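Structural overview for review
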Amino acid sequence: MVEVVNVVASGALDVELDLEAVARDLDDVVDYDPEKYPGAYVRFGGDEPLVTLYRTGKYIITGASSEAEAGQLREKFLTLLHRHGIVSAAEDAWFTVQNYVCMADMERSVNLSALAIGLGLEVTEYEPEQFPGLVYRPHDHACVLLVFATGKVVITGAQETESAEAAFAAFRDSIETLLADE
């Protein structure tokens, strides 16, 4: 079972923005410090997803737990911009989900050194001094799987939840085959 834990989406307003003016108009929800980062951070509440807005009118939503939540935040964001006269309509030129980050569990501990060898060194990276997990880039899936010794797996780079599920299922099958060969 794969659980979506983060949805990253992006869109474009098709208008150049003066982020200093946006930050002044929406100072209760916008944090903008161009010396630290060129984008303005828009957050409606402490634990709500983050919208990063750029001068070009492009924006990125991170931290949504579902596609529906990303869509709801998009509507709230566009409505706010329209209500304050920053955009002429509560619409954007385009909006798309870029990436799903998912979690899964092998429900068993995993020997990462043996796994790196078993899956193949050309598709794995395991340097425990640098990162505690094994990075697995399967050739037949557009996802990256971060595998931890506890059996927890983070799947990132999936553009659809189905591809994350398929990548995890294929990985789990590979593990079962490797364990059966021992």
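All residue numbers refer to position in the chain's written sequence, counted from 1. For this predicted model, a pLDDT threshold of at least 70 governs which residues receive local features, and a threshold of 80 or more governs which side-chain atom pairs are given and counted, while totals over whole chains, interfaces and linings are taken from all residues. Hydrogens and water molecules were not included; the side-chain quantities draw on all heavy atoms of the structure.

The protein has the name TATA-box-binding protein in an unreviewed UniProt entry, where Halopenitus salinus is given as its organism. Annotation of the protein in UniProt includes, under Function (unreviewed entry), the sentence "General factor that plays a role in the activation of archaeal genes transcribed by RNA polymerase. Binds specifically to the TATA box promoter element which lies close to the position of transcription initiation." Turning to the protein, the UniProt record has this under Sequence similarities (unreviewed entry): "Belongs to the TBP family." UniProt positions are given in the numbering used here, feature names are shortened, and annotations may be inferred rather than shown by experiment.

Here we come to the pairing of strand β6 (residues 94-105). Across nine bridges, the pairing between strand β1 (residues 3-12) and β6 is antiparallel. Along β6, the bridge assignment pairs Val8 with Asn99. In terms of strand pairing, β6 meets strand β10 (residues 152-158) through five bridges, oriented antiparallel. Each bridged residue has a counterpart across the sheet, and for Ala104 the counterpart in β10 is Val153. Being paired, for any two strands, means DSSP has found at least two bridges between them. Secondary structure counts use DSSP, requiring at least four H or I residues in a row for a helix and at least two E residues in a row for a strand, with both numbered from the N terminus.

Bridging between strand β9 (residues 144-147) and β10 involves four bridges; their strand directions are antiparallel. Residue Val144 lies in a different strand from β10, and its bridge partner there is Thr156. The loop that links β9 with its antiparallel partner β10 comprises four residues; one of these, Gly151, has a positive phi angle of about 95°.

So, on to the side chain of Thr124. Along the chain, Thr124 turns up in strand β7 (residues 124-125). There is a polar contact of 3.0 Å between the side chain of Thr124 and the backbone oxygen of Gly120. Pairs of residues are marked as contacts when any of their non-hydrogen atoms sit within 4.5 Å. Residue contacts for Thr124: discarding those within four places in its chain leaves Ala116, Leu119, Leu134, Val135 and Tyr136. By the criterion applied in these results, polar contacts are pairs of N or O atoms within 3.5 Å in which, for protein atoms, one can donate a hydrogen and the other can accept it, and in which residues neighboring in sequence qualify only through two side-chain atoms.

A word on the sheet that holds β9. In spatial order, the strands read β2-β3-β4-β5-β1-β6-β10-β9-β8-β7; together these ten strands make up an open sheet with antiparallel pairing. Edge positions in the sheet fall to β2 (30-31) and β7, since each of these pairs with one other strand and no more. Each axis is a line fitted through C-alpha atoms, and for a helix only the stretch in contact is used; angles between axes span 0 to 180 degrees, taken between their N-to-C directions. Seen against the sheet, helix α3 (residues 112-119) touches β7, β8 (134-136) and β9 and runs at an angle of roughly 20° to β8.

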